[in-house]
Amino acid sequence: MADWKELEAKSFYEATARERAIGMVDEGTWTELAGPKDRLTSPHLPVLGEAVEFDDGVVTGVGLVGKHPVFVASQEGKFIGGAVGEVHGAKIVGAFLLANQVYDKIMAECPDEIEERRPAVVISFETGGVRLHESNAGLLAHAEFMDQIQGSKGKFPVFAVIGSKVGAFGGMGFVAAATDVIIMNTYGRLGLTGPEVIEQEMGKAEFDSADKALVYRTTGARHKYIMRDANYLVEDTIGAFHDCIGEVMDLGYAAIEKMRRIGNEELVDEQLALAELSVELHPKDSRDVWAYYGNENPEQLTEITTAEFLATAKRRP
Amino acid sequence: MALQELTYTFEAANPQPFPVEWMHSGVVGSGDMEVMFTKEDLGGKVNFKIVTPVTGFDEVWSRVLQKFVNESGISDVNVEINDNNATPVVVSMRLRQALQDAKKEA
């Protein structure tokens with residue numbers, strides 16, 4: 001494994017789940033919890049003849065970002081596509097439970113320091129959702145994530161960081177949308193039904209999953225950023241995600257609460273207005289929507305660097 | 001259908017102590033594997049435990065692991081491998097990488 005400084009400069013897209021987890025917290029502060037040494041393998045995969053992994057495809061642990069204890073759950077897409085099974089899910093829920101305990105402890109011992117010491121949960125999504133081999137347990141885990149996110153409101157922020165090969169799809173697309181803050185790099189993809197599944201069900205005319213440019217401009221980070229489905233778009237280094245988490249924590253909890261996409265009546269109205277707009281505008285391509293929001297050369301937006309994009313793209317007001 | 005477990009014990013001709021208490025390396029991707037080394041006094045021997053979906057390659061595993069033990073000289077260590085259809089070349093490369101990481105860590 002590369003040392004921490006090398007990890008900061010490393011591509012987030014190419015990094016393993018463990019590298020991402022270590023690099024998203026401050027140097028030398030990472031402690032892995034329920035790691036490979038605990039050998040928490042899936043109880044369901046062996047009977048199906050499927051390979052197991054000691055960490056069940058998710059790296060969980062804690063580190064610091066500034067003074068903030070940050071609980072990280074980082075999914076590994078190379079192991080069964082990062083899909084959520086029973087152990088995998090329980091480990092992510094465990095990260096939330098620990099964050100709750102830390103929050104309660106700070107509130108009991110030094111409540112006036114809560115703003116500077118407030119914990120956070122960071123989930124690095126690389127998943128298609130439920131692991132079909134252990135589907136009931138996987139679905140239940142999704143419900144528990146939603147429950148934990150709901151329970152975190154008013155206490156600590158939950159970050160979704162998305163920028164790995166598999167993206168964040170299926171049930172975990174819902175979970176990502178329910179978090180407080182979404183940070184993506186330009187390779188990040190977020191959605192519910194994956195491109196291949198849409199094509200399979202609705203036909204190539206509806207969505208051609210082999211057209212990678214189309215897939216990226218529909219589910220990709222630049223579109224999500226313009227639509228404000230993603231709060232931040234950062235360069236593709238682990239360090240850029242680390243810095244962004246630190247900057248957001250510095251904004252304070254009141255500002256973070258305003259970054260959500262769901263959870264109150266105004267946001268419901270906003271989403272309904274978007275649904276109405278889609279009927280009115282009847283866009284054939286995400287470029288039509290980008291043009292609607294004042295981007296004069298929407299074709300150019302996918303051709304330029306992330307820095308140029310951030311400087312020129314006009315977002316949904 | 002179920003996963004199979006293979007175990008082997010080897011002993012190097014010129015045993016070297018394993019450099020750290022434990023070492024984990026790798027991701028169980030398709031065609032890949034992870035390995036966990038745990039130091040234990042085994043009278044100079046090396047125990048292997050492989051969990052794999054592939055059947056019929058017991059002899060190949062034996063040769064690849066024996067070669068690794070002989071070349072590296074590791075001793076007194078338990079080696080656990082979770083395999084997902086890694087080829088023999090990948091297996092020996094991953095083992096050497098892990099050992100190199102362990103030496104770097106020490």
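That block above? That's the structure.
Residues numbered from 1 in each chain as written. Chains lettered and ligands numbered in written order. Predicted model: local features only at pLDDT ≥ 70, side-chain atom pairs only at ≥ 80, totals over all residues. Heavy atoms only, no water.

### Side note on the side chain of A:S11
Residues and elements named next belong to chain A.
Piece 1. Tracing the chain through its elements places S11 in the loop between α1 (4–9) and α2 (17–23).
Piece 2. Among the polar contacts made by the side chain of S11, one reaches the main-chain amide nitrogen of E14 at a distance of 3.2 Å.
Piece 3. Engagement of the side chain of S11 in a polar contact is seen with the side chain of D236, the distance being 2.7 Å.
Piece 4. Ignoring sequence-local partners within four residues, the contact set of S11 consists of D236, T237 and I238. (Helix = DSSP H or I, 4+ residues; strand = E, 2+ residues; numbered from the N terminus. Polar contact = N/O pair within 3.5 Å; in protein donor to acceptor, adjacent residues only side chain to side chain. Contact = heavy atoms within 4.5 Å.)

### Quick notes on unusual backbone geometry
Residue and element names in this part refer to chain A.
Piece 1. A positive phi angle is found at I80, which is not glycine, with a value near 45°.
Piece 2. Structurally, the position occupied by I80 is in the loop between β3 (68–75) and α3 (86–109).
Piece 3. The backbone of H282 sits at a positive phi, close to 45°, despite the residue not being glycine.
Piece 4. Turning to its location among the elements, H282 is positioned in the loop between α12 (265–281) and α13 (286–292).
Piece 5. Its relative accessible area of 54% is what places H282 among the exposed residues. (Buried < 20%, exposed > 50% of the residue type's maximum accessible area, 1.4 Å probe, protein only.)

### Description of helix α1 (residues 58–72) of chain B
Residues and elements named next belong to chain B.
Piece 1. Its 15 residues place the ends of α1 21 Å apart at the C-alpha level, agreeing with the 21 Å of an ideal helix rising 1.5 Å per residue.
Piece 2. Regarding α1, the residues found buried are W61, S62, V64, L65, F68, V69 and S72.
Piece 3. Downstream of α1 by a residue or two, G73 has a phi angle that is positive, lying close to 70°. (Expected span 1.5 Å × (residues − 1).)

### Overview of the sheet that holds strand β5 (residues 45–52) of chain B
Backbone hydrogen bonds are what pair the strands of a sheet, in a parallel or an antiparallel way.
All names here are of chain B.
Piece 1. One open sheet accounts for five strands, arranged β1-β5-β7-β4-β3; its pairing is mixed. The open sheet has two edge strands, β1 (4–11) and β3 (22–26), and neither has a second partner. Across the sheet, the axes of successive neighbouring strands diverge by a mean angle of 15°, strand direction being ignored.
Piece 2. Sheet topology places β3 next to strand β4 (residues 32–39); five bridges connect them, and they run antiparallel. Opposite H24, over in β4, you have M36 as the bridge partner.
Piece 3. Contacts between α1 and the sheet are confined to β1, β4, β5 and β7 (77–84), with β1 contributing the most and set at about 35° to the helix.
Piece 4. Contacts between helix α2 (residues 88–105) and the sheet are confined to β3, β4 and β7, with β4 contributing the most and set at about 45° to the helix. (Pairing = 2+ DSSP bridges. Axes fitted to C-alpha atoms, helices over the stretch in contact; angles between N-to-C directions.)

### A word on the interface of chain B and chain A
Piece 1. If you look at the interface, chain B gives 21 residues, while chain A gives 18 residues.
Piece 2. Both sides of the chain B and chain A interface together cover about 1,600 Å² of buried area, and 62% of this is carbon and sulfur.
Piece 3. The tally of links from chain B across to chain A stands at one salt bridge.
Piece 4. B:E80 serves as the salt-bridge partner of A:R39, at 2.5 Å between the closest nitrogen and oxygen. (Buried area = accessible area lost by both parts, 1.4 Å probe. Salt bridge = Lys/Arg side-chain N within 4 Å of Asp/Glu carboxyl O.)

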